[in-house]
Amino acid sequence: MSNTDKTALVPKLRFPEFLTAEGWQVAPLSQLATRTKKKNRDQTITRVLTNSAEFGVVDQRDFFDKDIATQGNLESYFVVDLGSYVYNPRISATAPVGPISKNKVGTGVMSPLYTVFKFENDSNEFYEHYFKTTGWHTYMRQASSTGARHDRMAISSDDFMAMPLPVSSPAEQQKIADCLSSLDELIAAQARKVDALKTHKKGLTQQLFPREGETQPRLRFPEFRNAREWEITTVGGLVEAGWLFPPKDGNHGNIHPKSSDYVASGIPFIMASDLKGGLIDIKNCHFISKNQADKLQKGFAKEGDVLLSHKGTVGEVAVVRKINTPYLMLTPQVTYYRVKDQQRLLNEFIAQLFVADEFQANLLEVSGGGTRAYIGITEQAKLRLQLPKDIEEQQRIANCLTTLDAFINAATQEVETLKTHKKGLMQQLFPS
């Protein structure tokens, strides 16, 4: 596209002062920005940058705590000035057509695999927001394809620079950028609140549960400060004592449901990836029919059960709360723990015990860690546990920490609500 397209576009939502303004135009990126091809020939620049899908342009040494690129071989790298944009063709769940990020770190160098460009008039973050819209993603998918490895967009730098961008007046661009940037600030502030609550809970948990080699916590509620030391046992010990039913997972053998068995609705089929932050993501999990689920022999999790992921992703914990099905069906990646003697043991306490540092460290040690981490039912029986025999102390600890969980979940939901609001707003502020 060599000239600005004269076909006017009008966004669904415009600020009042622009309601009677002319429609937007369309121009190729090459008319609005200049591609940077300057190489680091003399290698005077040693700061290597990378374009992260989640965090944008970052200093490689700060981000990875080490140099990924070989410092003595940077002469072929592009020089990236402050304010330049970088396109990384590598796709991910966070960046489905590859991230485009603005360099806010400082002058550095980047791999020649990236496309680097700088807008001639870039006094705001207008295009930084536009590159995250579904409209831009649609253009990119139409203009390119995934590479042979299916993890990169197959688009040349020339074709990328020919991609069409919407153009409105500088004043309207500034208004849109200010609006969306203020939303970003709200999202960031709410995310910091979530992080602060998580840090507070982690510190409190470290005080409310005994550390390795200790027999009682460093912090006890006033009414339990003179109580007995905590009992040291194992998962198998609680089963033998009659406090727990034998834990079971969803190892279904040769009748394990296949992906072709998944249905739109039915019995939730819970994998390790469905346990997130103490919650079960039933909305986005897979489902199997009740007829098929009833034919399986184990892995039937019910309300009140504590779920623990033990394969691949090890150590995620959640309590099965109110569900609209008779049970949840587990995959071989997840174990349920069901309290047998509710006068001696609380499921909510077990859930908090499972996320405590001591238990998680034991899990990591036994499972081997890494992407192939695994700890079967037999080995789970050997996992160390430490708990007070007084169920009232269990209750106090559980109440305290689950209250904090509720605050964390509410604050996290607020972040998601703000993100959804911003996404919907962008769809209306930028024309299709």
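One can find the structure itself at the top, above this paragraph.
Report on the accompanying structure.

Rules used throughout
Residues numbered from 1 in each chain as written. Predicted model: local features only at pLDDT ≥ 70, side-chain atom pairs only at ≥ 80, totals over all residues. Heavy atoms only, no water. Helix = DSSP H or I, 4+ residues; strand = E, 2+ residues; numbered from the N terminus. Buried < 20%, exposed > 50% of the residue type's maximum accessible area, 1.4 Å probe, protein only. Contact = heavy atoms within 4.5 Å. Areas by Shrake-Rupley, 256 points an atom, 1.4 Å probe, with all protein chains shown as cover. Salt bridge = Lys/Arg side-chain N within 4 Å of Asp/Glu carboxyl O. Phe/Tyr/Trp six-rings, centres within 6.5 Å; stacked < 30°, edge-to-face > 60°. Lys, Arg positive; Asp, Glu negative; His and termini not counted. Polar contact = N/O pair within 3.5 Å; in protein donor to acceptor, adjacent residues only side chain to side chain. Axes fitted to C-alpha atoms, helices over the stretch in contact; angles between N-to-C directions. Parallel < 35°, antiparallel > 145°, perpendicular 65-115°, else oblique. Left-handed = near helix turned anticlockwise from the far one by under 90°. Pairing = 2+ DSSP bridges.

Describing the overall build of the protein
- Looking only at helices and strands, the protein has 12 helices and 25 strands in total.
- Dimensions of the protein, computed from C-alpha atoms along their principal axes, come out at roughly 80 × 55 × 45 Å.
- Burial statistics for the protein: of 432 residues in total, 44% are counted as buried.
- For the protein, restricting intrachain contacts to residue pairs at least 6 apart in sequence, the fraction spanning at least 24 positions comes to 73%.
- For the protein, the accessible surface area stands at approximately 22500 Å², while carbon and sulfur atoms represent 50% of it.

Considerations on the pattern of salt bridges
- Counting across every chain of the model gives 22 salt bridges.
- Taking the shortest distance from any N to any O, the salt bridge between Asp 59 and Arg 47 comes out at 2.9 Å. Taken as a pair, Asp 59 in strand E5 (residues 56-59) and Arg 47 in the loop between strand E3 (33-35) and strand E4 (49-52) lie far apart in primary sequence, 12 residues in all.
- With a relative accessible area of 13%, Asp 59 lands in the buried category.
- Residue classification places Arg 47 among the partly exposed residues on the basis of a relative accessible area of 30%.
- Here Glu 365 and Arg 384 are joined by a salt bridge, their closest N and O atoms 4.0 Å apart. Taken together, the positions of Glu 365 in helix H10 (residues 357-367) and Arg 384 in strand E25 (residues 384-387) put the pair 19 residues apart, joining distant regions of the chain.

Here's the deal with the packing of aromatic side chains
- Under the definition given, this model contains 26 aromatic pairs.
- Measuring from centroid to centroid gives 4.8 Å for Phe 126 and Tyr 127, while their planes differ by 85°, and the two rings are edge-to-face.
- On the basis of relative accessibility, which here comes to 0%, the residue Phe 126 falls in the buried class.
- Note on Tyr 127: relative accessible area 6%, which makes it buried.
- Among the aromatic side chains, those forming a connected cluster through ring pairs are Trp 24, Tyr 85, Tyr 87, Phe 117, Phe 119, Phe 126, Tyr 127, Tyr 130, Phe 131, Trp 136, Phe 160 and Phe 430.

So, the side chain of Asp 274
- Looking at where Asp 274 falls in the secondary structure, it is placed in the loop between strand E16 (267-270) and strand E17 (275-276).
- Within the buried core, Asp 274 has no salt-bridge partner, and the shortest N-O distance to an opposite charge, that of Lys 276, equals 5.9 Å.
- Within the structure, Asp 274 has its side chain in polar contact with the backbone nitrogen of Met 271 (distance 2.8 Å).

Considering the packing of helix H6 (residues 170-208) against helix H12 (residues 391-429)
- Following both chains from N to C, one finds H6 and H12 inclined at 165°, their axes separated by 10 Å at the closest point. Judged by the angle between their axes, H6 and H12 are roughly antiparallel. H6 and H12 meet at a crossing whose hand is left-handed.

Notes on the pairing of strand E10 (residues 115-119)
- Extensive coverage of E10 is indicated by the burial of 4 of its 5 residues.
- Here E3 runs beside E10; their pairing, made up of 3 bridges, is antiparallel. Bridge pairing in E10 links Arg 35 to Phe 117.
- As paired strands, strand E7 (residues 85-87) and E10 are joined by 3 bridges and run antiparallel to one another. Across the sheet, Val 86 pairs through a bridge with Val 116, a residue of E10.

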